[in-house]
Amino acid sequence: MAKKEDIMHSVLIVSSSEKFDSVARRSLQGFMSVDSRKTAVSARRSILERYYDLVVINAPLQDESGEQ
């Protein structure tokens, strides 16, 4: 059985705010991988390329409201 610390997690932060991005990154330091995107288009592309355990959206975004 895998130990808790051996399990790799990944997080995608979608936000057009640098301040929110910085705070969220510090809060999620325990995760193995934290990626960030500024627009909904780039976030969707990332989700198609890779699996994320958690997606955090700080709406509204630069290119849409972030509801979809």
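Residues numbered from 1 in each chain as written. Predicted model: local features only at pLDDT ≥ 70, side-chain atom pairs only at ≥ 80, totals over all residues. Heavy atoms only, no water.

1. A short note on the pattern of salt bridges
Under the defined criterion, the tally for this structure stands at 4 salt bridges. For E18, the salt bridge identified is with K38, shortest N-O distance 2.5 Å. Here the residue E18 occupies a position in helix α1 (residues 18-27), and K38 occupies one in the loop between β2 (33-37) and α2 (40-49), the gap between them amounting to 20 residues. (Salt bridge = Lys/Arg side-chain N within 4 Å of Asp/Glu carboxyl O. Helix = DSSP H or I, 4+ residues; strand = E, 2+ residues; numbered from the N terminus.)

2. A word on the confidence of the model for the protein
The predicted model of the protein averages 86 in pLDDT, with 85% of residues at 70 or higher. The weakest mean pLDDT in the protein belongs to α1 at 92; the strongest belongs to α2 at 95. (pLDDT = per-residue confidence, 0-100.)

3. Focus on α2
Considered for burial, the residues of α2 that qualify are A40, S42, A43 and S46. All buried residues of α2 lie within an arc of 160° about the axis, which places them on one face of the element. For α2, the exposed residues lying more than 90 degrees away from the buried face are L48 and E49. Structurally, α2 contributes buried residues whose contacts are with β1 (10-15) and β2. (Buried < 20%, exposed > 50% of the residue type's maximum accessible area, 1.4 Å probe, protein only. Arc of directions from axis to C-beta. Contact = heavy atoms within 4.5 Å.)

4. What to know about the sheet that holds β2
With parallel pairing, 3 strands are arranged side by side in an open sheet as β2-β1-β3. The two strands at the open ends of the sheet, each matched to only one other strand, are β2 and β3 (54-58). Pairwise comparison of adjacent strand axes, ignoring direction, gives a mean angle of 15° for this sheet. Sheet analysis places β1 next to β2, joined by 5 bridges and oriented parallel. If you follow V11 over to β2, its bridge partner there is V34. (Pairing = 2+ DSSP bridges. Axes fitted to C-alpha atoms, helices over the stretch in contact; angles between N-to-C directions.)

5. Overview of the environment of I13
Relative to the helices and strands, I13 is located in strand β1. Placed 44 residues apart in sequence, I13 and I57 show a C-alpha to C-alpha distance of 6.1 Å. Beyond its immediate stretch of four places on either side in the chain, I13 contacts F20, D21, A24, R25, L28, V34, D35, S36, R37 and V56.

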